[in-house]
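# Report on the structure
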Amino acid sequence: MSTVHVAWARAGLLTVAILLGSFLVRRSVADDVHENLPETIVRQFNGLEEQLEGFDWEEEHRRITEMIDRVWEQNGWDGEADLYARDLARDVAAIPPWKFTERFGLFSQRITERYRLSPEQSGYFQGMMVRELGGVLLKHGPTIFDQVREVVEVRDRGEPFTAEQVARWTNASQTLFTDARGVADRVIAGLTSKLRPAQRKTLARDVAAFDRRWDALEEMRKRWKAGGWRPGDWGFGSGKVESRGLDASAPDARPIAGGKAEPVKAWENARVSRWVAHDPSTWYSLVLDCQRRYDLDSGQMSAARSIHDELAERAMAYTEPRSEALEKIPPKDRSTHEAYGPVRVLFEQLQERIEAIPTRKQQDQARS
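First, a word on what this report is: a plain description of the structure on this page. Given the structure is predicted, the values throughout are model-derived calculations rather than measurements.

## Focus on the packing of helix H9 (residues 163-172) against helix H11 (residues 197-225)
As a packed pair, H9 and H11 sit with axes 8 Å apart at the nearest point and diverge in direction by 120°. On the basis of their axis angle, the class for H9 and H11 is oblique. With respect to the hand of their crossing, H9 and H11 are arranged in left-handed fashion. Of the residues in H11, those in contact with Val166, Ala167, Thr170 and Asn171 of H9 are Arg221, Trp224 and Lys225. Here the residues of the contact of H9 with H11 are counted per class, giving three nonpolar, two polar and two charged.

What follows is the structure, given as structure tokens:
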């Protein structure tokens, strides 16, 4: 259960698809499910496996381990149950995903050891996993395949992921995400019913920690849907693939939308000290203020600037055709005049999305 959560947290339901697929198409692990899989699904998984085999998994595992560690650290998941889940995720990730029988074997062994399951209890647990994950695959196969394939293609090109891509993936996978929570709840309930009191105490601690991590993930997904994803959410650091094109500290000459469409000086040289809701040319100062208050890193600033540019451009698209009429409105009335209402609404969206970028730890530090 914890390993599944890590997969979702890392790649927005993408890496887990590889895990589900490899698990379910291996006869030695799940003959009964395999017999019911459409041939097209089996062929698609075989094709994805061929793509994945091109990865240098030693290097990939090093990267994944660093990412997992960063995610746990920045979210403050430092309890015993959290650290157990982290270590389990790291150990399972050491095995290439195309060797899923080995992955599942290690996962089952660790679960058996953690809760001291009897052979009967362990068999019951594995049977539940096969049935539940089989249902997820059969229902959500198209979404899984499309997203995994796209992620692999982006990685093959050496390109960074973007907030726009993640927003699209997150929205498309919402039903899958909801069903995954249902799977977790049913597996937990089923396993609990078979455990002795001492075993249940350990499971209860792990479930409480799992629920906290899941709640945090749900909050992050809300932000991702709105275009507020940042590389740090998935534990990306300064690696080649993760950081390319994401350095927000480099000089930039991105346009900042105002009354007219024209190039604007780099953000670092900007001088407006306070934003005005009805004037999009001042909105970048809100981004800079958040950077200062929350000590945003380069990945977070990249996400913030992307959100700013999107909303500022939308505001400009509204103001430019109406520039003559808007200019006639006295400046003192623009903060309340109905003609500027759509611009103020966009500014409210900007505030909401930018304020959602900092981690809980950054927000707590800013308040202290």
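## Examining the environment of Arg114
One can find Arg114 in helix H7 (residues 100-115). A sequence separation of 89 residues divides Arg114 from Leu203, and the C-alpha atoms of the two residues are 8.7 Å apart. Aside from chain neighbours lying at most four places away, what touches Arg114 is Glu80, Ala81, Tyr84, Thr202 and Asp206. Within the structure, Arg114 has its side chain in polar contact with the side chain of Glu80 (distance 2.8 Å).

## Notes on the nonpolar core
In terms of nonpolar packing, the biggest core is built from 45 residues, with Phe107, Phe125, Phe161, Trp229 and Trp234 touching the most fellow members. Ranked by size, the runner-up nonpolar core spans 21 residues in total, among them Cys290, Met301, Ala312 and Leu350.

## Looking at unusual backbone geometry
At Arg116, a position not held by glycine, the phi torsion is positive, near 50°. When you line up the elements, Arg116 lands in the loop between H7 and helix H8 (119-156). On the basis of relative accessible area, Arg116 is assigned to the exposed category, the value being 69%. One non-glycine residue with positive phi stands out, namely Asp295, at about 55°.

Criteria and cut-off values
Numbering of residues starts from 1 in each chain and follows the order in which that chain's sequence is written. This being a predicted model, a pLDDT of at least 70 is required before a residue's local features are given, and a value of 80 or more before pairs of side-chain atoms are given or counted; all residues contribute to the totals for chains, interfaces and linings. Hydrogens and water are ignored here; the side-chain numbers use all heavy atoms of the structure. A fitted line through C-alpha atoms represents every axis, and for helices the fit uses only the stretch in contact; the resulting angles, taken between N-to-C directions, go from 0 to 180 degrees. Numbered from the N terminus, helices here are DSSP runs of H or I no shorter than four residues, and strands are runs of E no shorter than two. Any angle that is under 35 degrees is reported as roughly parallel, and any over 145 degrees as roughly antiparallel; angles of 65 to 115 degrees are reported as roughly perpendicular and all others as oblique. In a left-handed crossing the near helix is turned counterclockwise from the far helix by less than a right angle, and in a right-handed crossing that turn is clockwise. Two residues qualify as a contact provided that any one of their heavy atoms is within 4.5 Å of a heavy atom in the partner residue. Gly is placed with the polar residues, together with every amino acid not listed as nonpolar (Ala, Val, Leu, Ile, Met, Phe, Trp, Tyr, Cys and Pro) or charged (Asp, Glu, Lys and Arg). Polar contact criterion, stated in full: a pair of N or O atoms within 3.5 Å, where within protein one must be able to donate a hydrogen and the other to accept it, and residues adjacent in sequence count only if both atoms are side-chain atoms. In plain words, nonpolar cores are sets of buried Ala, Val, Leu, Ile, Met, Phe, Trp, Tyr and Cys residues tied together by side-chain atoms within 4.5 Å. Here the term buried applies to any residue with accessible area under 20% of the maximum for its type, exposed to any over 50%, and partly exposed to those in between, with areas from a 1.4 Å probe on protein chains only.

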